[in-house]
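What follows is each chain in one-letter form.
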Amino acid sequence: MGVGVGVGDGVICSKMGIGLCRKLSTSWKKMEKTLNDGVSKSFVGKYFKLEARKTCFTRELRAGTATFLTMAYIITVNATILADSGGTCSIADCSAPAMNQTSTPTPDCMFKQSNVGYQNCLAKTKSDLIVATALSSMIGSFAMGILANLPLGLAPGMGPNAYLAFNLVGFHGSGPLSYQTAMAVVLVEGCAFLAVAAFGLRAKLARMIPRPVRLACAAGIGLFIAFVGLQLHQGVGLIGPDPSTLVTITACDSTDPVTGACTGGKMRSPTFWLGSVGFLITSYGLMKEIKGSMIYGILFVTLISWSRDTAVTYFPHTTLGDANYNYFKQVVDFHKIESTAGAISFSNFNRSEVWLALATLLYVDVLATTGTLFTMAEMGGFVNDKGSFEGEYVAYMVDAGSTVVGSALGVTTTATYIESSAGIREGGRTGLTGVIVGLYFLLSLFFTPLLTSVPPWAVGPSLVMVGVMMMKVVKDINWEDMKEAVPAFLTILLMPLTYSISNGIIAGIGLYVALSLYDWILGLLRRFFKLTKTLVKEHNQVSAAVAAASTSVDPTTVEVV
């Protein structure tokens with residue numbers, strides 16, 4: 001009992017010998033202390049203020065690792081969502097019909113999984129987006145750590161990516177805007193956000209949005225993302241179309257490649273059941289607060305899906321499957337961005353959809369990133385009595401500037417991640433944590449073949465889990481007050497049901513304004529009547545004074561007896 005080791009150490013020491021174990025433990029502690037002291041007294045330690053913030057290098061290393069493990073899922077998840085828009089792929093990339101190689105492909109070729117040409121284009125686009133996601137995350141995390149000295153990780157945000165992929169560009173380009181125009185919108189929004197941050201207007205803009213709509217927005221986006229993760233092409237395939245009820249449970253063993261309608265037995269899809277196991281792994285891990293639980297669930301499903309001769313394989317023996325498998329076998333490869341970098345066009349900025357998208361993205365950016373940044377600063381104990389924290393202004397600038405960089409690479413709004421809380425809980429207190437997160441994203445750039453081979457049924461469960469996490473804000477809505485409850489509920493409801501984030505936001509704000517009209521009109525009437533009474537009272541007082549003055553006796557006219 002007096003050896004000074006824990007239960008886990010005791011098991012190891014019983015096998016190695018207590019004396020040897022104690023020597024190794026003491027030796028390791030001395031090495032760790034020497035390393036920490038050396039780094040703290042170096043230029044790096046002084047720059048990041050390790051001693052001033054009562055932390056050390058190894059603690060920052062653990063914090064950076066924890067943060068990366070909890071947010072690394074975004075590399076494949078973001079690329080999968082954005083690739084569903086089709087990126088820069090078009091009908092020109094489709095293969096000609098097999099029966100007649102000279103004929104022109106029809107527009108429906110973009111929705112057929114059997115069209116090798118278009119699918120190859122999608123595969124290259126996904127590779128581009130994986131690199132763009134990792135690169136923008138690396139740059140944002142580096143900048144936040146070095147410039148603002150805060151232990152925060154940045155990456156393309158969940159919500160804006162789904163809005164762009166499914167509302168603006170649409171599934172495989174079926175929406176109102178092209179991918180190039182949508183990226184131009186993100187670029188302009190990033191520049192506007194940078195200007196807002198530079199003039200210190202972020203908090204003021206955030207307060208202009210009704211509070212119940214602000215809270216409901218996060219929950220609505222969470223439901224929208226979860227809905228995407230339950231569908232066939234983007235997730236586990238539990239939900240599919242139905243001619244009478246619009247949507248229904250599917251998870252079929254075979255579906256129509258164009259419509260997604262069920263053509264086989266329901267709840268018989270092997271990939272769905274495999275994805276469900278991955279979801280349970282993630283759920284159990286989060287229950288036990290195991291860091292990287294979402295990654296473990298994705299890894300389990302992905303590793304099983306990499307076996308070729310199974311019902312759940314991601315590499316079937318087809319032309320496309322063989323091509324994907326050959327690229328996968330390279331394991332290590334630095335993929336050069338070919339299609340998404342610089343894919344920006346301002347040619348369609350005269351359309352109303354562009355300005356609606358711009359307002360929506362700016363609104364979400366102002367609310368989400370401002371709230372996340374302040375919450376993380378508060379959790380780390382950086383906020384002072386005045387409600388501000390060291391590096392606040394620079395952090396807002398970095399957060400906004402990262403969006404501009406991301407749009408140039410081909411990804412949506414880059415933002416501070418709430419998963420940074422994992423690193424803060426591990427003791428991360430300086431920007432060295434952010435730099436370490438950036439280094440991990442840098443390493444991920446060299447494993448594109450593996451990252452592009454993550455199947456949608458491995459990513460889908462993580463999308464559902466993101467929805468679960470984003471629902472917690474509903475507890476802060478006052479459901480007893482119908483003025484708050486009705487707009488909040490409509491915001492949450494319409495986002496997944498109309499497949500549009502902007503529709504939910506517009507409906508929530510509009511309804512809140514409509515319900516507030518009664519109070520506003522009543523207040524105006526009260527002020528009007530109060531003003532009228534005041535004027536009448538003053539008028540009466542003036543009249544009385546005039547009457548009193550006119551009836552009073554002038555003392556010079558009084559006769560003295």
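Residues numbered from 1 in each chain as written. Predicted model: local features only at pLDDT ≥ 70, side-chain atom pairs only at ≥ 80, totals over all residues. Heavy atoms only, no water.

Looking at this structure, I do not really get the overall build of the protein. What am I missing?
Looking only at helices and strands, one finds 21 helices and four strands in the protein. Expressed as a percentage of its 561 residues, the buried residues of the protein come to 47%. Sequence-distant contacts in the protein: of pairs separated by 6 or more residues, those separated by 24 or more amount to 73%. About 27,200 Å² of surface is accessible on the protein, with carbon and sulfur atoms providing 66% of the total. (Helix = DSSP H or I, 4+ residues; strand = E, 2+ residues; numbered from the N terminus. Buried < 20%, exposed > 50% of the residue type's maximum accessible area, 1.4 Å probe, protein only. Contact = heavy atoms within 4.5 Å. Areas by Shrake-Rupley, 256 points an atom, 1.4 Å probe, with all protein chains shown as cover.)

Help me understand the environment of Tyr396 in this model?
Mapped onto the fold, Tyr396 is located in helix α15 (residues 392-409). For Tyr396, a relative accessible area of 11% gives the class buried. Separated by 198 residues in the primary sequence, Tyr396 and Ala198 have C-alpha atoms spaced 8.2 Å apart.

What's the story with unusual backbone geometry in this structure? I'm lost.
Among all residues save glycine, negative phi is the norm, and among peptide bonds the norm is trans. Its identity as a non-glycine residue notwithstanding, His172 has a phi of 55 degrees, on the positive side. Mapped onto the fold, His172 is located in the loop between α7 (160-168) and α8 (179-198).

How should the pairing of strand β2 (residues 239-242) be read in this particular structure?
On a regular strand, each side chain points to the face opposite its neighbour's, so the side chains alternate between the two faces of the sheet. Pairing of β2 with strand β3 (residues 246-249), which is carried by four bridges, proceeds in the antiparallel orientation. Note that in β3 the partner of Ile239 across the bridge is Ile249. Counted along the chain from β2 to the antiparallel partner β3, the turn is three residues long. (Pairing = 2+ DSSP bridges.)

Quick question: what am I supposed to make of the nonpolar core here?
Grouped burial of nonpolar side chains is what soluble globular proteins tend to show. Counting residues in hydrophobic clusters, the biggest one holds 84 residues, and the most contacted among them are Tyr73, Met158, Leu164, Ile225 and Leu463. Apart from the residues lying within four places of it in its own chain, the contact partners of Tyr73 are Met294, Ile295, Ile298, Tyr417, Glu419 and Val466. Counting 19 residues, the second largest nonpolar core, distinct from the first, contains Leu154, Met376, Phe382 and Phe389. (Core = buried A, V, L, I, M, F, W, Y, C linked by side-chain atoms within 4.5 Å.)

So what exactly am I meant to see when it comes to the packing of aromatic side chains here?
For any pair of aromatic rings, the description rests on two quantities: the centre-to-centre distance and the angle between the ring planes. In total, this model carries 16 aromatic pairs according to the counting rule given. On the numbers, 5.2 Å between centres and 55 degrees between planes, the contact of Phe346 with Phe349 is tilted. For Phe346, a relative accessible area of 46% corresponds to the partly exposed category. Accessibility expressed as a relative area gives 14% for Phe349, which makes it buried. Aromatic pair Phe349 and Trp355: ring centres 5.9 Å apart, planes at 85 degrees, arrangement edge-to-face. Members of the aromatic cluster, connected to one another through ring pairs, are Trp306, Tyr314, Phe315, Tyr325, Phe328 and Trp457. Above the ring of Tyr325, the side-chain terminus of Arg308 is found at 4.4 Å from the ring centroid. (Phe/Tyr/Trp six-rings, centres within 6.5 Å; stacked < 30°, edge-to-face > 60°. Lys NZ or Arg CZ within 6 Å of the ring centre and 35° of its normal.)

How should α15 be read in this particular structure?
When the terminal C-alpha atoms of α15 are compared, their 26 Å separation across 18 residues agrees well with the 26 Å that a helix rising 1.5 Å per residue should span. All of the buried residues along α15 are Glu392, Ala395, Tyr396, Val398, Asp399, Ala400, Ser402, Thr403, Gly406, Ser407 and Leu409. With its phi angle positive at about 110 degrees, Gly410 sits one or two positions after the end of α15. (Expected span 1.5 Å × (residues − 1).)

Explain the state of the cysteines to me, please; I cannot follow it from the model alone.
Should the sulfur atoms of two cysteines be covalently bonded, the bond is a disulfide. Summed over the entire model, instances satisfying the criterion amount to two disulfides. Paired through a disulfide, Cys89 and Cys121 show a sulfur-sulfur distance of 2.0 Å. Taking the torsion about the sulfur-sulfur bond, which here is approximately -100 degrees, the covalent link between Cys89 and Cys121 counts as left-handed. Residue Cys89 is located in the loop between α5 (74-83) and α6 (116-148), and its partner Cys121 is located in helix α6; the two are separated by 32 residues in the primary sequence. We note that Cys89, like Cys121, is buried. (Disulfide = S-S within 2.5 Å.)

Just to check I follow, could you spell out the environment of Pro316 for this structure?
Positionally, Pro316 belongs in the loop between α12 (293-305) and α13 (319-328). Sequence separation between Pro316 and Trp306 is ten residues, and the spatial gap between their C-alpha atoms is 9.8 Å. Filtering out sequence-adjacent residues up to four positions away, Pro316 remains in contact with Arg308, Gly321 and Asp322.

Explanation requested: the packing of α7 against helix α10 (residues 211-229) in the structure shown.
For any two helices packed against each other, one specifies the inter-axial angle together with the distance between the axes. Look at α7 against α10: their axes get within 11 Å of each other, and the N-to-C directions meet at 65 degrees. The hand of the α7/α10 crossing is left-handed. Contacts from Ala162, Phe166 and Asn167 in α7 reach Phe224, Ile225 and Val228 in α10. Across the contact of α7 with α10, the residue classes tally to five nonpolar, one polar and no charged. (Axes fitted to C-alpha atoms, helices over the stretch in contact; angles between N-to-C directions. Left-handed = near helix turned anticlockwise from the far one by under 90°. Nonpolar A, V, L, I, M, F, W, Y, C, P; charged D, E, K, R; others polar.)

Please clarify how α5 should be interpreted in this entry.
With ten of ten residues buried, α5 is to be regarded as a mostly interior element. Within α5 the residues assigned to the buried category are Ile74, Ile75, Thr76, Val77, Asn78, Ala79, Thr80, Ile81, Leu82 and Ala83.

How do you make sense of the packing of α10 against helix α19 (residues 456-470) when you look at a structure like this?
Packing of α10 against α19 brings their axes to within 7 Å, and their N-to-C directions diverge by 165 degrees. With respect to each other, α10 and α19 are oriented roughly antiparallel. At the point where α10 passes α19, the crossing takes the left-handed sense. Along the contact surface, α10 presents Ala218, Ala219, Ile221, Gly222, Ile225, Ala226, Val228 and Gly229, while α19 presents Gly460, Leu463, Val464, Val466, Gly467 and Met470. Across the contact of α10 with α19, the residue classes tally to ten nonpolar, four polar and no charged. (Parallel < 35°, antiparallel > 145°, perpendicular 65-115°, else oblique.)

Sorry if this is basic, but what is going on with the UniProt feature "transmembrane region" (unreviewed entry) in the protein here?
On the UniProt side, "transmembrane region" (unreviewed entry) is annotated at positions that read residues 129-150, 177-201, 213-232, 270-287, 354-374, 394-418, 430-451 and 511-529 here. Helix makes up 100% of residues 270-287 and strand 0%, with an end-to-end C-alpha separation of 26 Å. (UniProt positions renumbered as here; feature names shortened; annotations may be inferred.)

Help me understand a nonpolar patch on the surface, please; the structure alone is not making it clear to me.
The grouping of Phe43, Val44, Tyr47, Ile146, Leu147, Tyr393 and Val394 at the surface amounts to a nonpolar patch, some 680 Å² of accessible area in total. Where the nonpolar patch is concerned, the elements lending two or more residues are α3 (43-47), α6 and α15. Counting residues per element, the nonpolar patch draws most heavily on α3, which supplies three residues. Accessibility expressed as a relative area gives 37% for Ile146, which makes it partly exposed. (Patch = residues over 30% accessible without salt bridge, like charges linked within 9 Å, V, L, I, M, F, W, Y side chains within 5 Å. Salt bridge = Lys/Arg side-chain N within 4 Å of Asp/Glu carboxyl O.)

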